[in-house]
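Residue strings, one per chain:
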Amino acid sequence: MSRNNLSVGKTRGLSSTSTRDGVFTILALDHRQSFFKMINPQQAESVSYQAVVEIKSQVVRTLSSYSSAVLLDPIYGAAQAVANGACPGSLGLIVAVEETGYSGSDIARRSRLLPDWNVAKSRRMGADAVKAALHLGIREGRDGLFAVVHVVLKPFTFHRFLHANPGGKFRGRHWPFP
């Protein structure tokens, strides 16, 4: 028998975002810049806030019965989908905490957390978990990865598993701190 070292809250967050069989079938809809471009490829800047909110809510409403959870951004999707009923209480809610896009070059990308956003705000809107994307250049290696995780994501202590790109060394690696 394996021993589960996860807290009740972490266990609840994982079970709320997975199927009864423990499988994650998550609808990822936390895109922002690329979502604007998808709606209007020629004039992404002309897409209105309300249009993005409505389209995201409609997609969630349409696909929620096929998903264990939905991953939304806090600007155009999460609170709006909860408030308008597109994201029912039976659907897990994961909220992205990073800014859209990244800085740096293609081989040294840097993620940024949303200013004035945190786990507590995500929880107040009903999130079961948060998502933070970290871009790691190959030159930074293991020590660089853990340094970034420790400094940037230490406040998100319930977020325990780190997944690198397919083929990456750290797929599913447990964080080196409690």
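Counting restarts for each chain, with residues numbered from 1 along the sequence as it is written. Only residues with pLDDT of at least 70 get local features here, since the model is predicted, and only at 80 or more are side-chain atom pairs given and counted; chain-wide, interface and lining totals rely on the full set of residues. As a rule here, side-chain values cover all heavy atoms of the structure and leave hydrogens and water aside.

1. Quick look at the overall build of the protein
Spelled out, the test is: Secondary structure elements follow DSSP: runs of H or I no shorter than four residues count as helices, runs of E no shorter than two count as strands, and numbering proceeds from the N terminus. Buried, partly exposed and exposed residues are distinguished by accessible area as a fraction of the type maximum, computed with a 1.4 Å probe on protein chains only: under 20%, between the cut-offs, and over 50%, respectively. We call two residues in contact when some of their heavy atoms are within 4.5 Å. Only the protein chains shown count as cover for residues, and all accessible areas are computed by the Shrake-Rupley method using a 1.4 Å probe.
Per the secondary structure count, the protein includes six helices and six strands. When the helices and strands of the protein are read in sequence order from the N terminus, they spell out α-β-α-α-β-α-β-α-β-α-β-β. The proportion of buried residues among the 178 residues of the protein is 35%. The long-range share in the protein, meaning contacts at least 24 apart out of those at least 6 apart in sequence, stands at 58%. Looking at the protein as shown, the accessible area adds up to about 10800 Å², and 55% of this sits on carbon and sulfur atoms.

2. Section: the pattern of salt bridges
Quick note on the threshold: By convention in these notes, a salt bridge is any Lys or Arg side-chain nitrogen within 4 Å of a carboxyl oxygen on Asp or Glu.
Tallied over the full model, the rule gives three salt bridges. Residues Asp-30 and Lys-131 are paired through a salt bridge, measuring 2.6 Å at the closest nitrogen-oxygen approach. Of this pair, Asp-30 sits in the loop between strand S1 (26–29) and helix H2 (33–39) while Lys-131 sits in strand S4 (residues 129–131), and the two are 101 residues apart along the sequence. For Glu-98, the salt bridge identified is with Lys-131, shortest N-O distance 2.5 Å.

3. Some thoughts on helix H1 (residues 8–16)
Keep this limit in mind: Read the arc as the range of directions from the helix axis to the C-beta atoms.
Buried within H1 we find Lys-10, Gly-13 and Ser-16. The buried residues of H1 occupy an angular sector of 135 degrees when the element is viewed end-on, so they sit on one face. For H1, the exposed residues set more than 90 degrees away from the buried face come down to Val-8 and Arg-12. The elements touched by buried residues of H1 are strand S3 (92–96).

4. Some details on the pairing of S3
The condition that has to hold: Being paired, for any two strands, means DSSP has found at least two bridges between them.
With five of five residues buried, S3 is to be regarded as a mostly interior element. Going residue by residue along S3, you find Gly-92, Ile-94 and Ala-96 tucked away on one face and Leu-93 and Val-95 tucked away on the opposite face as well. Where strand S2 (residues 69–72) lies against S3, four bridges are found, and the strand directions are parallel. Among the inter-strand pairings, Leu-72 is bridged to a residue of S3, identified as Val-95.

5. Details of the nonpolar core
Keep this limit in mind: Here, the term nonpolar core denotes a set of buried Ala, Val, Leu, Ile, Met, Phe, Trp, Tyr and Cys residues that are joined through side-chain atoms within 4.5 Å.
If you look at the biggest cluster of nonpolar residues, it comprises 21 residues, and the most contacted ones within it are Val-60, Val-70, Leu-72, Cys-87 and Leu-93. Put simply, the parts of the chain that give this core at least two residues each are S1, H2, helix H3 (49–63), S2, helix H4 (78–83) and S3. Setting aside chain neighbours within four positions, we find Val-70 in contact with Ile-26, Leu-27, Val-60, Cys-87, Leu-91, Gly-92, Leu-93 and Ile-94. One finds Ala-69, Leu-71, Ala-96 and Ala-129 within the second-largest nonpolar core, a separate group that totals five residues.

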